[in-house]
Amino acid sequence: MPEIRPTSQTQFAEQSAAASSSSPSVPPAAPAQGSPAPEILLELVDDDGVTIGTAEKLSAHQQPGRLHRAFSVFLFDRQGRLLLQRRALGKYHSPGVWSNTCCGHPYPDEPPFVAAARRTAEEIGVAPALLCEAGTVRYDLPDETSGLIEREWNHLFVGLVTAPPAPNPDEVDDTRFVTAEELKALEAEKPFSVWFRTVFEAALPGIREIAGRDW
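Worth saying up front: this structure is predicted, and the values here are computed from it rather than measured.

> Give me the lowdown on the overall build of the protein chain, citing residues and values where you can.
Within the protein chain one finds four helices and eleven strands. In the protein chain, buried positions account for 47% of the 215 residues. When contacts within the protein chain are restricted to residue pairs at least 6 apart in sequence, long-range pairs at least 24 apart make up 70% of them. Per element, the accessible surface of the protein chain, about 10500 Å² overall, is 51% carbon and sulfur.

Structure representation (structure tokens):
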């Protein structure tokens, strides 16, 4: 069972997406043509979410997996609709399935809030107009299709988006804004990421603060 650690009402504070400029981490440089892709390191954590080291991204997701830090973002428009993405078909993990606005991993020593704002802009092509912490959730979720496993200490974020998405086709195949009822219908019809329902339910208190009690 996932272990959910919600942010309390008093801790549910607005943070500026402009904080992304304060990241102390430097992302891997783009490889020269014909060169192998740079190694991407994830931050390993213990069962209390304390950093204990790093591991290469793919190896951390191969069975039996290694517990690492991650983040999940849920952005809503002014009508209270959730922005979903369908992951690009070229991704090695969970290609072509629907998921929340953005998920990813901070670089080692990069604050999760900064990573969430940065990666949302990289994938969706628009920065959050508002981004708030919504707790954490820890889970172990195997993906039968890929054979990989998600062993993550996931920092949850909810917020608003006010500009139209301009997704990066290398990362995102499609986007869609949905109401709560439309989400239920889409989940019944289309495949979703193995982690979606877990992180969505963990983030629900924060989602309702942003998007209303219809969720």
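> A description of the side chain of Glu43 should follow, citing residues and the corresponding values.
As for its position among the elements, Glu43 is in strand β3 (residues 41-45). Within the structure, the side chain of Glu43 is placed 2.9 Å from the side chain of Thr51, a separation counted as a polar contact. Polar side-chain contacts of Glu43 include one of 2.6 Å to the side chain of Arg69. Apart from the residues lying within four places of it in its own chain, the contact partners of Glu43 are Thr51, Gly53, His68, Arg69, Tyr107, Pro108 and Asp109.

> If you had to explain the state of the cysteines to someone new, which residues and values would you point to?
For the structure on display, the rule yields zero disulfides. Just so you know, Cys102 is unpaired, no disulfide at all, and the nearest cysteine sulfur is the one on Cys103, 6.6 Å from it.

> Now, about the side chain of Glu171: what can you tell me, with residues and values included?
Among the secondary structure elements, Glu171 is positioned in the loop between β10 (149-160) and β11 (172-178). Every residue in contact with Glu171, bar those within four places of it in the chain, is listed here: Gln85, Arg87, Ala88, Lys91, Arg119 and Glu123.

> Tell me about the packing of aromatic side chains, residues and numbers included.
Applying the stated criterion to the full structure yields seven aromatic pairs. Ring centres of Phe74 and Phe196 lie 6.5 Å apart, and the angle between their planes is 50°; this geometry places the pair in the tilted category. With Phe74 in strand β5 (residues 68-76) and Phe196 in helix α4 (residues 196-211), the pair connects residues that are 122 residues apart, well separated along the chain. Residue classification places Phe74 among the buried positions, given a relative accessible area of 0%. Ring geometry for Phe76 versus Trp215: centroids 5.4 Å apart, planes at 75°, classification edge-to-face. A residue pair is termed long-range when its members are at least 10 positions apart, and Phe76 in strand β5 and Trp215 in the segment after α4 qualify at 139 residues. The buried category is assigned to Phe76, whose relative accessible area is 0%. Grouped by ring-pair contacts, the aromatic residues Phe74, Phe76, Phe192, Phe196, Phe200 and Trp215 constitute a single cluster.

> How would you explain the nonpolar core if you had to name every residue and give the values?
With 29 residues, the main nonpolar core has Phe74, Leu82, Leu84, Leu183, Phe200, Ile207 and Trp215 as its most contacted residues. Of all the elements in the fold, those that place two or more residues in this core are β5, β6 (82-87), β9 (130-142), β10, α3 (180-189) and α4. Examining the composition of this core, we find that eight residues originate from one element, α4, more than from any other. Setting aside residues no more than four positions away along its own chain, Leu84 makes contact with Trp98, Ser99, Asn100, Asp174, Thr175, Arg176, Val178, Leu183, Leu186, Phe192 and Phe196. Counting residues in hydrophobic clusters, the runner-up holds 15 residues, among them Val73, Phe113, Ala116 and Val161.

> Please provide a residue-by-residue account of the confidence of the model for the protein chain, values included.
Averaged over all residues, the pLDDT of the protein chain is 87; the fraction at 70 or higher stands at 82%. Here residues 6-36 is modelled with pLDDT under 50, and outside its nearest four sequence neighbours on either side it reaches 47 contacts, counting other chains as well.

> Please give an account of the environment of Gln79 that cites residues and values.
Within the fold, Gln79 resides in the loop between β5 and β6. Overall, the relative accessible area of 63% leaves Gln79 in the exposed class. Put simply, Gln79 and Val178 are 99 residues apart on the chain and 9.9 Å apart in space, counted from C-alpha to C-alpha.

> Please set out the pairing of β9 residue by residue, giving values where relevant.
Judged by how many residues are buried, β9 sits mostly within the fold: ten of 13 residues are covered. As judged from the eleven bridges shared by β9 and β10, these two strands associate in the antiparallel manner. For Pro142, the partnering residue across the bridge sits in β10 and is Ile149. Where β9 folds back onto β10 in an antiparallel hairpin, the turn is made up of six residues, including Gly147, whose phi is positive at roughly 80°.

> With reference to specific residues and values, describe unusual backbone geometry.
Between Gln63 and Pro64 the backbone carries a cis peptide bond, its omega angle lying at 5°. Locating Pro64 in the fold gives a position in the loop between α1 (57-61) and β5. Within the chain, Ser94 stands out as a residue other than glycine whose phi angle is a positive 55°. Turning to its location among the elements, Ser94 is positioned in the loop between β6 and β7 (98-99). When its relative accessible area of 6% is taken as the criterion, Ser94 is described as buried. Non-glycine residue Asp109 carries a positive phi angle of around 75°. Within the secondary structure, Asp109 is located in the loop between β8 (102-104) and α2 (112-124). Judged by relative accessible area, which is 62%, Asp109 ranks as exposed.

Thresholds applied
Residues numbered from 1 in each chain as written. Predicted model: local features only at pLDDT ≥ 70, side-chain atom pairs only at ≥ 80, totals over all residues. Heavy atoms only, no water. Helix = DSSP H or I, 4+ residues; strand = E, 2+ residues; numbered from the N terminus. Buried < 20%, exposed > 50% of the residue type's maximum accessible area, 1.4 Å probe, protein only. Contact = heavy atoms within 4.5 Å. Areas by Shrake-Rupley, 256 points an atom, 1.4 Å probe, with all protein chains shown as cover. Polar contact = N/O pair within 3.5 Å; in protein donor to acceptor, adjacent residues only side chain to side chain. Disulfide = S-S within 2.5 Å. Phe/Tyr/Trp six-rings, centres within 6.5 Å; stacked < 30°, edge-to-face > 60°. Core = buried A, V, L, I, M, F, W, Y, C linked by side-chain atoms within 4.5 Å. pLDDT = per-residue confidence, 0-100. Pairing = 2+ DSSP bridges.

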